[in-house]
Amino acid sequence: MRVERFLDAATEVFTEKGYQHARLSEIVARAGGSLATLYRVFGDKEGLARAIILRRLQDLSERMETLNLSGLPPEQALYLAAERIAQSMTTAESMVVHRIAIGEGQSFPDLRDWFFDHAVASVRETLSAYFEQEMAAGRLKMASASMASSHFFMMLFGDLVIRISCGNLHDPDPEELRQYALGAVDMFLHGA
C-alpha cells in the first residue's frame, strides 16, 4: 500500500513540477513515510519514474489482453483496440509517463528508451500478432504486420498524446475519445 502511495504522490508531483524539477522530499511529504523507505523501495527518482511507467504498462497490457482480438473482423478488432489504447493514453499517469519519455527524453535517455522498449513495444506486438493472423487469413493485405502496427499505434498516439502532454487537452470526453478511435480505424483501414 505504501508503494502505491509513493507512486500516486510522485505522479502528482511530476505532473505539477515536471520530472526534472520534482523533489523526492515533496513526494515523501505527500505520500507519508520516509525518504529512507522511498530509497529502499525505488532506489532513486529514476527508479520511481520507472515504477510509474511499469504500472502504466501493466494497466495497458491488461486492457489489451482482455480484448481477445483473435477471430474478430478488422473493423471491430481495431476499433476495440483503438478505444482501449485511447482511454489508456488519457489518464493522469499516462500524461506523466509521456512527458518524461517524450518531453524530457533527451535529458533522461535510459527512461525514454525503457519506455519505448517496454510500453510501446508491448502494444505494437499485440497489434502485429493480430495483423499477421488477418494477413494469413486473407482479410488484410499489408506489406508488413510490424510496420502496420507501428502506423496504427502512432495514428492514435501522436495527436492525442501531444495535446494531453502539453496541456492542450484536459479530461477528454469519453464520446470524443470513441469518435477519435473510430476515425483512426476508418482512416487506417480505408485510407483517404
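Note: the structure precedes this text.
Predicted model only: the values in this text are computed from it and were never measured.

(A) Summary view of the packing of helix H4 (residues 45-65) against helix H7 (residues 109-136). As a packed pair, H4 and H7 sit with axes 10 Å apart at the nearest point and diverge in direction by 5°. One finds that H4 runs roughly parallel with respect to H7. Residues Glu46, Ala49, Arg50, Ile53, Leu54, Leu57, Leu60, Ser61 and Met64 of H4 form the contact with H7, whose participating residues are Asp110, Leu111, Trp114, Phe115, His118, Ala119, Ser122, Val123 and Thr126. Looking at the contact of H4 with H7 residue by residue, the classes come out as eleven nonpolar, four polar and three charged.

(B) Quick peek at the packing of helix H6 (residues 92-103) against H7. In contact at an axis separation of 8 Å, H6 and H7 are set at 120° when each is read in the N-to-C sense. Relative to H7, the element H6 is oriented oblique. Along this stretch, H6 crosses H7, giving a crossing that reads as left-handed. Taken together, the residues of H7 that come into contact with H6 (itself represented by Val97, His98, Ile100 and Ala101) are Leu111, Arg112 and Phe115. Residues of the contact of H6 with H7, tallied by class, amount to five nonpolar, one polar and one charged.

(C) Layout of the pattern of salt bridges. Applying the stated criterion to the full structure yields 15 salt bridges. Across the pair Arg56 and Glu93 runs a salt bridge whose closest N-O atoms are separated by 3.7 Å. Here Arg56 is found in helix H4, whereas its partner Glu93 is found in helix H6, with 37 residues between them in sequence. Its relative accessible area of 10% is what places Arg56 among the buried residues. Salt bridges linked by common partners bring Glu4, Asp8, Arg55, Arg56, Asp59 and Glu93 together as one network.

(D) Geometry of the side chain of Ser88. Its place among the elements puts Ser88 in helix H5 (residues 74-89). Once residues lying within four places of it in the same chain are set aside, the contact partners of Ser88 are Arg56, Asp59, Leu60, Arg63 and Ser94.

(E) Examining H5 more closely. Between its terminal C-alpha atoms H5 stretches 22 Å, which fits the 22 Å expected from 16 residues at 1.5 Å a residue. Along H5, the residues that are buried comprise Pro74, Ala77, Leu78, Ala81, Ala82, Glu83, Ile85, Ala86, Ser88 and Met89.

(F) Focus on the nonpolar core. Counting 63 residues, the largest nonpolar core has Phe14, Ile27, Leu48, Phe131 and Phe152 as the members making the most contacts within it. Contact partners of Leu48, with chain neighbours within four places excluded, come to Phe6, Leu7, Ala10, Phe14, Leu24, Ile27, Leu38 and Phe42.

(G) Geometry of the packing of aromatic side chains. Under the definition given, this model contains eight aromatic pairs. Seen from their ring centres, Phe14 and Tyr19 are 5.3 Å apart, and the 65° between their planes marks the pair as edge-to-face. Among the aromatic side chains, those forming a connected cluster through ring pairs are Tyr130, Phe131, Phe152 and Phe188. In this structure, Lys45 is placed above the aromatic ring of Tyr19, and the distance from its NZ or CZ to the ring centre is 4.9 Å.

About the thresholds
Residues numbered from 1 in each chain as written. Predicted model: local features only at pLDDT ≥ 70, side-chain atom pairs only at ≥ 80, totals over all residues. Heavy atoms only, no water. Axes fitted to C-alpha atoms, helices over the stretch in contact; angles between N-to-C directions. Helix = DSSP H or I, 4+ residues; strand = E, 2+ residues; numbered from the N terminus. Parallel < 35°, antiparallel > 145°, perpendicular 65-115°, else oblique. Contact = heavy atoms within 4.5 Å. Nonpolar A, V, L, I, M, F, W, Y, C, P; charged D, E, K, R; others polar. Left-handed = near helix turned anticlockwise from the far one by under 90°. Salt bridge = Lys/Arg side-chain N within 4 Å of Asp/Glu carboxyl O. Buried < 20%, exposed > 50% of the residue type's maximum accessible area, 1.4 Å probe, protein only. Expected span 1.5 Å × (residues − 1). Core = buried A, V, L, I, M, F, W, Y, C linked by side-chain atoms within 4.5 Å. Phe/Tyr/Trp six-rings, centres within 6.5 Å; stacked < 30°, edge-to-face > 60°. Lys NZ or Arg CZ within 6 Å of the ring centre and 35° of its normal.

The analysis is restricted to geometry; functional conclusions fall outside its scope.
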